[in-house]
Structures are given as C-alpha cells and as structure tokens.
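Okay, here's what each chain looks like letter by letter:
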Amino acid sequence: MLSQEHRAARTRALRQAAILAGSPAGTLARRHIDEVDRLLTHWHGQGPIHLPGPVFVRRQSGNLVLSSHTVD
C-alpha cells in the first residue's frame, strides 16, 4: 500500500501519478503534492483537490482517484 511507504517514496509516486494524469510538471508544486498526500494519509472527509492543469484528485472507497477534465 502506498500509504505505508516512506513519505519521500510516497510523494514521488504521487507526483508522477499527477503528471501522468495531465498536471504540468513545471507548475506542480510541493504544496499540491502535500495536499494529495493528506488525502491518502490523513483523510477527514476532505473534498477533491484541483491540481494545475485539468487534474482533480479525490478519495473514493479508500483509494485516490485522479481524473483529467477537459473543457469542450
């Protein structure tokens, strides 16, 4: 489980997942990844997080879901 990994490994994996989902690496800051990490490790009913680009992260059934929304 990612939540059991060391923080450095966990945040690297979360950053990579956000980039793969469409968040531009140059605008993805540590504070964004820290917020996503809190969804995973300290969840208290927080709503979805909007990352740079068209990426949203939410917690669903104990899992993180990254989705990319584009405007038509």
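Our subject is the structure listed above.
Attention here is on the structure that accompanies the text. (Residues numbered from 1 in each chain as written. Predicted model: local features only at pLDDT ≥ 70, side-chain atom pairs only at ≥ 80, totals over all residues. Heavy atoms only, no water.)

Right, let's talk about the sheet that holds strand 2 (residues 55-60) for a bit. Reading across the sheet, the three strands line up as 1-2-3 and stay open at both edges, with antiparallel pairing between neighbours. In this open sheet, the two edge strands, each paired with only one partner strand, are strand 1 (49-51) and strand 3 (63-68). Strand-to-strand, the axes of this sheet are offset by a mean angle of 25 degrees, without reference to chain direction. In this sheet, strand 3 lies alongside strand 2 in antiparallel orientation, the contact comprising six bridges. Looking across to strand 3, one finds that Arg-58 is bridged to Val-65. On top of the sheet, helix 1 (residues 7-21) reaches strand 1, strand 2 and strand 3; it is set at about 30 degrees to strand 3, its chief contact. (Pairing = 2+ DSSP bridges. Helix = DSSP H or I, 4+ residues; strand = E, 2+ residues; numbered from the N terminus. Axes fitted to C-alpha atoms, helices over the stretch in contact; angles between N-to-C directions. Contact = heavy atoms within 4.5 Å.)

In this section: helix 2 (residues 30-41). In this model, helix 2 (12 residues) spans 16 Å end to end at C-alpha, consistent with the 16 Å of a helix rising 1.5 Å per residue. Among all positions of helix 2, only His-32, Ile-33, Asp-34, Val-36, Asp-37, Leu-39 and Leu-40 are buried. The elements touched by buried residues of helix 2 are helix 1, strand 1, strand 2 and strand 3. (Expected span 1.5 Å × (residues − 1). Buried < 20%, exposed > 50% of the residue type's maximum accessible area, 1.4 Å probe, protein only.)

With that settled, consider helix 1. At 3.6 residues per turn, the α-helix brings residues three or four places apart onto the same side. Taking 1.5 Å per residue as the helical rise, helix 1 with its 15 residues ought to reach 21 Å, and the 21 Å between its terminal C-alpha atoms agrees with that figure. Among the residues of helix 1, Arg-10, Thr-11, Leu-14 and Ala-18 are the ones counted as buried. Here the buried residues of helix 1 occupy an arc of 90 degrees about the axis, which is enough to place them on one side. Looking at helix 1, the residues exposed on the side facing more than 90 degrees away from the buried face are Arg-12 and Leu-20. Where helix 1 is buried, its residues touch helix 2, strand 1, strand 2 and strand 3. Backbone geometry just after helix 1 places Gly-22 at a positive phi near 120 degrees. (Arc of directions from axis to C-beta.)

The next subject is the environment of Arg-31. Its place among the elements puts Arg-31 in helix 2. Under the relative-accessibility criterion, Arg-31 is labelled exposed at 53%. Within the local environment of Arg-31, its side chain forms a polar contact with the side chain of His-32, the two groups lying 3.5 Å apart. (Polar contact = N/O pair within 3.5 Å; in protein donor to acceptor, adjacent residues only side chain to side chain.)

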